[in-house]
Amino acid sequence: MTNRRNDIMQWLQEVEHPAKDRNIVELGMIEGIEDDGNKIVVTLGFAKHRDPLAEYLIGSAKAAVIRNAPEGTQVEIKTVIREAAPKKKPGLDLGFEELSQVKHIIGIASGKGGVGKSTVSVNLAVALARLGYKVGLADADVYGPSVPKMTASEGMVPDAILEGEKEVILPYEKYGVKWMSIGYFAKPEQALIWRGPMACNALKQMILQVRWGELDFLLIDMPPGTGDIHISLVHDIPLEGAVIVSTPQDVALADVEKGVNMFRNESVNKPIFGLVENMAWFTPAEHPDEIYYIFGRDGGIRMAEKYGIPLLGQIPIVQSIREGGDCGEPAALSSRPDGLAFLSLAEKLTGIL
C-alpha cells in the first residue's frame with residue numbers, strides 16, 4: 001500500500017471545469033481515491049442531473065493521473081450520482097447535533113392564550129428537576145416570552161462560543177433547569193414585530209444551536225394557537241409529542257379541540273401525552289375546605305375522555321402560584337399543596353413515557 005492521496009489530489013487540480021472556472025477538487029467532485037501502488041482508482045461525484053461536460057472531465061481526470069503517476073500504473077475513473085446537499089440559511093444550523101443527548105422533547109401547547117401554559121411549563125420543568133431528572137426548557141412563545149420573568153432572569157444575555165464556523169449558545173441554569181428564551185435576546189419592553197418565517201427561523205436557531213448537553217427532558221413552551229410557528233416547530237424539531245394545557249371553561253376547551261386535532265393531523269402526527277386542567281378551582285387561603293369552580297367544573301375531565309387522552313393533573317387557582325411567577329420563584333420549588341400538585345403532574349408524565 002502507498003500513501004499518495006495528497007499527490008493524487010494535487011494532480012487532479014490540473015483538471016479545470018470549463019463552465020465553472022474552478023478545478024474538480026475545489027468543486028468537491030472527488031468522492032474517493034484508492035491506490036494500491038499498481039492501480040489508482042478515482043471516483044468522481046456528479047449531481048443527479050448529469051453534467052453535460054461529464055465525459056470531458058472523466059477523460060481529463062484520467063489523463064492528469066496518467067501524466068503524473070509512475071509509468072505502468074493502471075488508472076480507472078469511476079463515477080457516482082449524488083443528491084445535492086440541502087441549502088442552509090445563513091447563520092442557521094439546522095442539524096440536530098445539540099439535541100443528540102436529549103431523551104424526550106415535549107411540546108407544551110394550548111389552543112388559546114391566557115390559560116397558564118407558561119406557568120405550567122416552568123413549574124413542570126422545576127418539578128421534573130426536583131424528581132432528579134435532567135431538564136431544559138425552551139421558551140418558544142415568541143410574542144409573549146415568560147421565562148425571564150418567571151425565573152427572575154430578566155436582562156440575562158446568554159453566552160455564545162464559536163466552534164469552527166458554528167456558533168453555539170449556552171443556556172442559563174437555575175433551579176436545576178437549563179433555560180433558554182427568545183426574551184433573552186430582546187428588551188422586556190421591546191415588541192418582536194416579526195413575520196412568520198422570521199419568527200420560525202429564530203426559534204429553530206434558539207433550540208437547535210443551544211448546548212443542551214445530556215437531558216432527560218427538553219420542554220418547549222409553544223405559542224398559543226395552531227399557526228405557522230407550530231407547524232414549523234413540529235416539522236423541523238424532533239418533537240416526541242405534546243402536553244395540552246387548558247382551563248375548564250367551554251371557550252378554552254373549544255380551542256383545545258383545535259390543538260388536539262392539529263397534533264393528530266396526518267401531516268403532523270404527534271402523540272398527545274395528556275391534558276392539564278389549569279385553574280381547575282379556587283380555594284380561599286382562609287377557608288381551605290371551600291372549593292369554588294370559577295371557570296366551570298370537570299371540563300378537562302370530559303375533554304380528556306372525549307379524545308382518549310390522560311388527564312395528567314388539575315391545578316387549582318392559588319395566589320402563591322401567581323406570586324411565584326411574578327417574583328421568579330416557581331411554586332414547584334415549595335412543599336405546599338400547589339408545589340405538590342406540580343410534582344404529581346411530573347410523576348404522571350414520567351409514568352407515561
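A brief report on the enclosed structure follows. Because the structure is a prediction, the values reported are computed rather than measured.

1. With respect to the overall build of the protein
When its secondary structure is counted, the protein shows ten helices and 15 strands. Taken across its 353 residues, the protein has 49% of its residues classed as buried. Counted over contacts in the protein with a minimum sequence separation of 6, partners at least 24 positions apart contribute 74%. Surface accessibility of the protein: about 17700 Å² in total, with carbon and sulfur atoms responsible for 51%.

2. Topic: the sheet that holds strand S4 (residues 39-47)
With mixed pairing, the three strands of this open sheet are ordered in space as S3-S4-S5. The open sheet has two edge strands with one neighbour each: strand S3 (30-35) and strand S5 (74-82). Averaged over all adjacent pairs, the angle separating strand axes in this sheet is 15°, with direction ignored. Where S3 meets S4, five bridges bridge the pair, whose relative direction is antiparallel. Bridged to Ile30 within S4 is Leu44. Set on the sheet, helix H1 (residues 5-12) makes contact with S3 and S4; between it and S3 the angle comes to about 130°. Each of S4 and S5 touches helix H2 (residues 54-68); the most contacted strand, S4, lies at about 155° to it.

3. Here we look at the pattern of salt bridges
Pairing is possible between side chains of opposite charge, provided their charged atoms come close. One pass over the full model with this rule turns up eight salt bridges. Asp338 is the partner of Arg336 in a salt bridge, and the nearest nitrogen-oxygen pair spans 3.1 Å. The exposure class of Arg336 is partly exposed, given its relative accessible area of 38%.

4. A word on the side chain of Glu98
Within the secondary structure, Glu98 sits in the loop between S5 and strand S6 (102-109). Accessibility expressed as a relative area gives 8% for Glu98, which makes it buried. Of the polar contacts made by the side chain of Glu98, one reaches the side chain of Arg211; its length is 2.7 Å. Not counting chain neighbours up to four residues away, the residues in contact with Glu98 comprise Lys166, Val168, Leu208, Gln209, Val210, Arg211, Trp212 and Gly213.

5. Some remarks on helix H8 (residues 299-307)
Residues of H8 that are buried: Gly299, Gly300, Met303, Ala304 and Tyr307. Mapping the buried residues of H8 onto a view down its axis gives an arc of 130°, with all of them on the same face. Every exposed residue of H8 that faces more than 90 degrees away from the buried side is listed here: Glu305 and Lys306. Positioned one or two residues after H8, Gly308 has a phi angle of 65°, which is positive.

6. Quick word on the pairing of strand S13 (residues 241-246)
Counted residue by residue, S13 has six buried out of six residues, so it is predominantly covered. Side chains Gly241, Val243 and Val245 project from S13 onto one buried face, and the interleaved Ala242, Ile244 and Ser246 project onto a second face that is buried too. One ladder, built from four bridges, connects S6 with S13; its direction is parallel. Looking at S13, one finds that Ile108 is bridged to Val243.

7. Section: H2
Count 3.6 residues to each turn of an α-helix, and residues three or four apart come out pointing the same way. For H2, with 15 residues, the first-to-last C-alpha span of 21 Å sits near the 21 Å given by 1.5 Å per residue. Residues Ala54, Leu57, Ile58, Ser60, Ala61, Ala64 and Val65 constitute the buried set of H2. Taken together, the buried residues of H2 touch H1, strand S1 (16-17), S4 and S5.

8. A few points about the nonpolar core
The biggest cluster of nonpolar side chains holds 74 residues, and the ones touching the most others in it are Trp179, Trp212, Ile220 and Phe263. The leading source of residues in this core is helix H3 (residues 117-130), at eight residues. Beyond its immediate stretch of four places on either side in the chain, Phe263 contacts Ala109, Met222, Val234, Leu239, Ala242, Ile244, Val268, Asn269, Lys270 and Ile272.

9. Considerations on the packing of H3 against helix H10 (residues 337-352)
Interhelical geometry of H3 versus H10 gives an angle of 75° and a closest axis separation of 8 Å. Here H10 runs roughly perpendicular to H3, going by the angle between their axes. Contacts between H3 and H10 pair Val120, Asn123, Leu124, Ala127, Leu128 and Arg130 from the former with Phe342, Leu343, Leu345, Ala346, Leu349 and Thr350 from the latter. Looking at the contact of H3 with H10 residue by residue, the class counts come to nine nonpolar, two polar and one charged.

Quick notes on the rules
Residues numbered from 1 in each chain as written. Predicted model: local features only at pLDDT ≥ 70, side-chain atom pairs only at ≥ 80, totals over all residues. Heavy atoms only, no water. Helix = DSSP H or I, 4+ residues; strand = E, 2+ residues; numbered from the N terminus. Buried < 20%, exposed > 50% of the residue type's maximum accessible area, 1.4 Å probe, protein only. Contact = heavy atoms within 4.5 Å. Areas by Shrake-Rupley, 256 points an atom, 1.4 Å probe, with all protein chains shown as cover. Pairing = 2+ DSSP bridges. Axes fitted to C-alpha atoms, helices over the stretch in contact; angles between N-to-C directions. Salt bridge = Lys/Arg side-chain N within 4 Å of Asp/Glu carboxyl O. Polar contact = N/O pair within 3.5 Å; in protein donor to acceptor, adjacent residues only side chain to side chain. Arc of directions from axis to C-beta. Expected span 1.5 Å × (residues − 1). Core = buried A, V, L, I, M, F, W, Y, C linked by side-chain atoms within 4.5 Å. Parallel < 35°, antiparallel > 145°, perpendicular 65-115°, else oblique. Nonpolar A, V, L, I, M, F, W, Y, C, P; charged D, E, K, R; others polar.

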